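Tertiary structure, described
Each chain is listed here by its residues.
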Amino acid sequence: MTSKEKSELQKKVLDSIKPGMSGRLLLAPRAGKTKIIIDYIKREKIKGKILWVTPTSKLAKDDIPAEFDKWKAKTYKKNLVTVTWKGLAKQEGDYKLVILDEEQFITERNSIPLLNADITYDVMLSMTGTESKVKTKRELYTALGLKKIYEISINSAVDIGLLSNYRIKVVSIPMNEIV
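Residues numbered from 1 in each chain as written. Predicted model: local features only at pLDDT ≥ 70, side-chain atom pairs only at ≥ 80, totals over all residues. Heavy atoms only, no water.

Quick notes on the overall build of the protein chain
On a plain count of helices and strands, the protein chain comes out with seven helices and six strands. Counting only C-alpha atoms, the protein chain reaches 60 × 45 × 30 Å along its principal axes. Burial analysis of the protein chain (179 residues in total) assigns 42% to the buried set. For the protein chain, contacts bridging at least 24 residues in sequence account for 75% of all contacts bridging at least 6. With the model as given, the accessible surface of the protein chain reaches about 10,700 Å², and the carbon-plus-sulfur share is 53%. Charge-centre separation for the protein chain: the mean point of 33 positive side chains lies 4 Å from the mean point of 22 negative side chains. (Helix = DSSP H or I, 4+ residues; strand = E, 2+ residues; numbered from the N terminus. Buried < 20%, exposed > 50% of the residue type's maximum accessible area, 1.4 Å probe, protein only. Contact = heavy atoms within 4.5 Å. Areas by Shrake-Rupley, 256 points an atom, 1.4 Å probe, with all protein chains shown as cover. Lys, Arg positive; Asp, Glu negative; His and termini not counted. Charge placed at Lys NZ, Arg CZ, Asp CG, Glu CD.)

Concerning unusual backbone geometry
What is expected of a backbone is that most residues other than glycine have negative phi and most peptide bonds are trans. Although it is not a glycine, Glu 102 adopts a positive phi angle of roughly 60°. Among the secondary structure elements, Glu 102 is positioned in the loop between β4 (93–101) and α5 (112–115). In this structure, Ala 117 takes a positive phi of about 70° despite not being glycine. As for its position among the elements, Ala 117 is in the loop between α5 and β5 (119–128).

Some remarks on helix α6 (residues 135–143)
Along α6, the residues that are buried comprise Lys 137, Leu 140 and Tyr 141. One side of α6 holds all its buried residues, which, seen down the axis, span an arc of 100°. Opposite the buried face of α6, at more than 90 degrees from it, the exposed residues are Lys 135, Thr 142 and Ala 143. For α6, the elements touching its buried residues are β1 (23–27) and α5. A positive phi of about 75° marks Gly 145, the residue just after α6. (Arc of directions from axis to C-beta.)

Quick notes on the packing of aromatic side chains
One pass over the structure, following the stated rule, counts one aromatic pair. Ring centres of Trp 52 and Phe 68 lie 5.8 Å apart, and the angle between their planes is 75°; on these two criteria the pair is classed as edge-to-face. Highlighted residues: Trp 52 in strand β2 (residues 50–54) and Phe 68 in helix α3 (residues 57–70), separated in sequence by 16 residues. Trp 52 sits in the buried class, given a relative accessible area of 0%. Between the NZ or CZ atom of Lys 35 and the centre of the ring of Trp 71, over which it lies, the distance is 5.1 Å. (Phe/Tyr/Trp six-rings, centres within 6.5 Å; stacked < 30°, edge-to-face > 60°. Lys NZ or Arg CZ within 6 Å of the ring centre and 35° of its normal.)

A few points about the nonpolar core
In summary, soluble globular proteins display a tendency toward joint burial of nonpolar side chains. Within the largest apolar cluster, 33 residues are counted, with the highest numbers of intra-cluster contacts made by Leu 25, Ile 41, Trp 52, Phe 68, Leu 97 and Leu 125. Broken down by element, the residue count for this core peaks at five residues, all from helix α2 (residues 33–44). Excluding residues that lie within four positions of it along the chain, Leu 25 makes contacts with Val 13, Ile 17, Ile 36, Ile 37, Ser 126, Met 127, Thr 128, Ile 149 and Tyr 150. Counting 16 residues, the second-largest nonpolar core is a separate cluster that includes Leu 51, Trp 85, Val 98 and Leu 100. (Core = buried A, V, L, I, M, F, W, Y, C linked by side-chain atoms within 4.5 Å.)

Topic: the pattern of salt bridges
For the structure shown, the criterion picks out 13 salt bridges. Between Lys 35 and Asp 39 there is a salt bridge whose closest N-O contact spans 2.6 Å. With a gap of four residues between them, Lys 35 and Asp 39 both fall in helix α2, about one helical turn apart. Of the two residues examined, Lys 35 and Asp 39, each falls in the buried class. (Salt bridge = Lys/Arg side-chain N within 4 Å of Asp/Glu carboxyl O.)

Quick word on the layout of surface pockets
If you add up the space inside the largest pocket, you get close to 600 Å³. Along the wall of the largest pocket there are 23 residues; nearest its centre are Arg 30, Gly 32, Lys 33, Thr 34 and Glu 67. Of all the elements in the fold, those that place two or more residues in the lining of the largest pocket are α1 (3–16), α2 and α3. Sorting elements by how many residues they give to the lining of the largest pocket places α3 first, with five residues. (1 Å grid on protein atoms, 1.4 Å probe; cavity = no way out; pocket = protein on both sides within 12 Å on 5 of 7 lines; lining within 4 Å. Points joined across faces, edges and corners; volume = space filled by probe spheres on them.)

As structure tokens, this is what we get:
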């Protein structure tokens, strides 16, 4: 897939997110999820606080803010609050936008402030390249009103040339018996 084709795909995904719409983006790795969200922020000219929930402190402290610089969205950094999934349970406040980065990290415990309105928001977007099949996680997405907005599976990403084809090799190793 060429850079132009990837940009066109990202625009198609972005166009599927209507103003004021909350939901889930299930996008294969390398689709540019962070860029799409930053483009959404720029398109909507988000005024007010943005909460970005991410798996690691390095992503929260360094990588996500650097992406705002990279994609020419520095003006939105002053309203950006980044937190890890582990730290989400301690958050509260009113946000214009909440981003759930790598949504599969959601748990009943860390989602409490979202469910009991300690965290309020106008729009919530979640994203992942690895959709969870766990029933309790799916129930949490439903409780938060998050329906699929757009999906690009790994197999589809391979078919369109976004990802290289892959093989899964299973290696069997005999277990030692404990005597």
